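# Observations on the three-dimensional arrangement
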Amino acid sequence: MLPKEQKGETISVWVRDPKIQKHDGHSYLDYEICICTNSMCFTLKTSCVRRRFREFVWLRQKLQNNDVLINLPELPPRIAFFKLNNRHNVEQRVCGLQEFLKKVMQCPVLLSDSLLHLFLQTQLSTEEIEACASGQTKYSVSEAIHKFATSNRRFPVEEEEKTSHYSDCESSSSECGGCKCDFLNGESLGEIHEERWTKILPTK
C-alpha cells in the first residue's frame, strides 16, 4: 500500500506490440507490458516484459484467490486463433489487457502482491513466479526483479537519471479507445505506434 504521505506517486502502464510466437508446433500471441513509475512500491522504475493471454488469466485467478473480497476487473474475451489476424480483434484485446492492469494497479491491496510485481517486472514463468513468491526459491522477489533488469538489454541498469527519457509518461494520460496496431508481414503483428501511456493513481 502506498504511504499516505507519498503524494505525487504515479504508475504508468502500456500494453503494446502484439506478436505471434511459436512453441512446440503451436502459435500464440504475446504482448509487451511496459511500466514507468516513481512509486516506492516498485523495485524497478522502468521495465518491459512480454506476456501471453493465458498468463493474464493465471494472474487474475491468483490475485482473486489471494483476496476473495476484492472485485477484480474482467479480462477481454478469448479470441479463436483463426481470428487473430483480424486487426480489430487484436486492438480490442490489447486495450482490454491495458485497462485490466490499470484497474488492478489502482488497488493498493493488489499492488502489494508479489505475484503482480514478478508478473510485471520479470520474465519468470508462472510456475517460477509462484515458487518465488512463496519463498521456495534461492532468490527473493527483489533479487529476481533485479536479475531480470541486468539481463534485459532495453533497461540494463536501473538508474534514476535514465528515467528522465520517460518523463512524458508521468505528465500525460490516455484512454484505450484509440489503440491502433499495424499488421506487418512475417511473425510480428506490429507495434502500437502511438506512444500512449495510461497514468495510474492508486486509490487512497
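For the structure, check the block above.
In this text, all values refer to a predicted model and were calculated from it rather than measured experimentally. (Residues numbered from 1 in each chain as written. Predicted model: local features only at pLDDT ≥ 70, side-chain atom pairs only at ≥ 80, totals over all residues. Heavy atoms only, no water.)

For the structure shown, the criterion picks out one aromatic pair. Between Phe 56 and Phe 119, the aromatic rings sit 5.3 Å apart at their centres with planes inclined by 80°, giving edge-to-face as the arrangement. Residue Phe 56 is located in helix α1 (residues 53-66), and its partner Phe 119 is located in helix α4 (residues 114-121); the two are separated by 63 residues in the primary sequence. The exposure classification of Phe 56 matches that of Phe 119, with both residues buried. One Lys or Arg, Arg 52, reaches over the ring of Tyr 28 and ends 3.6 Å from the middle of that ring. (Phe/Tyr/Trp six-rings, centres within 6.5 Å; stacked < 30°, edge-to-face > 60°. Helix = DSSP H or I, 4+ residues; strand = E, 2+ residues; numbered from the N terminus. Buried < 20%, exposed > 50% of the residue type's maximum accessible area, 1.4 Å probe, protein only. Lys NZ or Arg CZ within 6 Å of the ring centre and 35° of its normal.)

Of all the positions in helix α5 (residues 126-133), only Thr 126, Ile 129, Ala 131 and Cys 132 are classed as buried. Looking at the packing, one finds that the buried side of α5 touches β3 (46-52), α1, α4 and α6 (141-151). In the stretch just after α5, Gly 135 is the one whose phi turns positive, near 80°. (Contact = heavy atoms within 4.5 Å.)

What follows covers unusual backbone geometry. Note on backbone geometry: most residues besides glycine have negative phi, and most peptide bonds are trans. At Asp 17, a residue that is not glycine, the phi angle is positive and equals roughly 50°. Within the secondary structure layout, Asp 17 lies in strand β1 (residues 11-23).

What follows deals with α1. Here α1 contains 14 residues, and its C-alpha end-to-end distance of 20 Å stays within 8% of the 20 Å for a straight helix at 1.5 Å per residue. Those residues of α1 that fall on the buried side of the exposure criterion are Phe 53, Glu 55, Phe 56, Trp 58, Leu 59, Arg 60, Leu 63 and Gln 64. Elements that come into contact with the buried residues of α1 comprise β2 (26-37), β3, α2 (87-104), α3 (108-111), α4 and α5. (Expected span 1.5 Å × (residues − 1).)

Okay, the nonpolar core next. Counting 42 residues, the largest nonpolar core has Ile 33, Leu 101, Met 105 and Leu 120 as the members making the most contacts within it. Going through the elements one at a time, β1, β2, α1, α2, α3, α4, α5 and α6 are the ones with two or more residues in this core. (Core = buried A, V, L, I, M, F, W, Y, C linked by side-chain atoms within 4.5 Å.)

Relative to the elements of secondary structure, Lys 103 occurs in helix α2. Separated by 30 residues in sequence, Lys 103 and Pro 73 place their C-alpha atoms 6.7 Å apart.

Glancing now at the pattern of salt bridges. Working definition: two side chains of opposite charge can pair if their charged atoms are close together. Inspection of every chain in the model, using the stated rule, returns seven salt bridges. The salt bridge partner of Glu 130 is Lys 62, with a shortest N-O separation of 3.0 Å. With Glu 130 in helix α5 and Lys 62 in helix α1, this pair connects stretches of sequence that are 68 residues apart. In this structure Lys 62 comes out as partly exposed when scored by relative accessible area, which is 22%. (Salt bridge = Lys/Arg side-chain N within 4 Å of Asp/Glu carboxyl O.)

What follows concerns the side chain of Gln 121. Mapped onto the secondary structure, Gln 121 falls in helix α4. Residue Gln 121 is classed as buried on the basis of its relative accessible area, which comes to 0%. Of the polar contacts made by the side chain of Gln 121, one reaches the backbone oxygen of Leu 44; its length is 3.0 Å. With near-sequence residues (within four places) excluded, Gln 121 lies in contact with Ile 35, Phe 42, Thr 43, Leu 44, Ser 47, Val 49, Ile 145 and Phe 148. (Polar contact = N/O pair within 3.5 Å; in protein donor to acceptor, adjacent residues only side chain to side chain.)

This brings us to the packing of α4 against α5. For the pair α4 and α5, interaxial distance at closest approach is 9 Å and the crossing angle is 140°. The angle between α4 and α5 places the two elements in the oblique class. Regarding α4 and α5, the two cross each other, and that crossing is right-handed. Here Ser 114, Leu 115, Leu 118 and Phe 119 of α4 come into contact with α5, specifically with Ile 129, Glu 130, Cys 132 and Ala 133. Residue classes in the contact of α4 with α5 are distributed as six nonpolar, one polar and one charged. (Axes fitted to C-alpha atoms, helices over the stretch in contact; angles between N-to-C directions. Parallel < 35°, antiparallel > 145°, perpendicular 65-115°, else oblique. Left-handed = near helix turned anticlockwise from the far one by under 90°. Nonpolar A, V, L, I, M, F, W, Y, C, P; charged D, E, K, R; others polar.)

This part covers the packing of α1 against α2. Closest axis-to-axis distance for the α1/α2 pair is 12 Å, and the angle between their directions is 25°. Comparing their axes, α2 and α1 come out roughly parallel. Considering the relative orientation of α1 and α2, their crossing is left-handed. From α1, Phe 53, Phe 56, Leu 59, Arg 60 and Leu 63 reach across to α2, where they touch Arg 93, Leu 97, Phe 100, Leu 101 and Val 104. In terms of residue class, the contact of α1 with α2 is made up of eight nonpolar, no polar and two charged.

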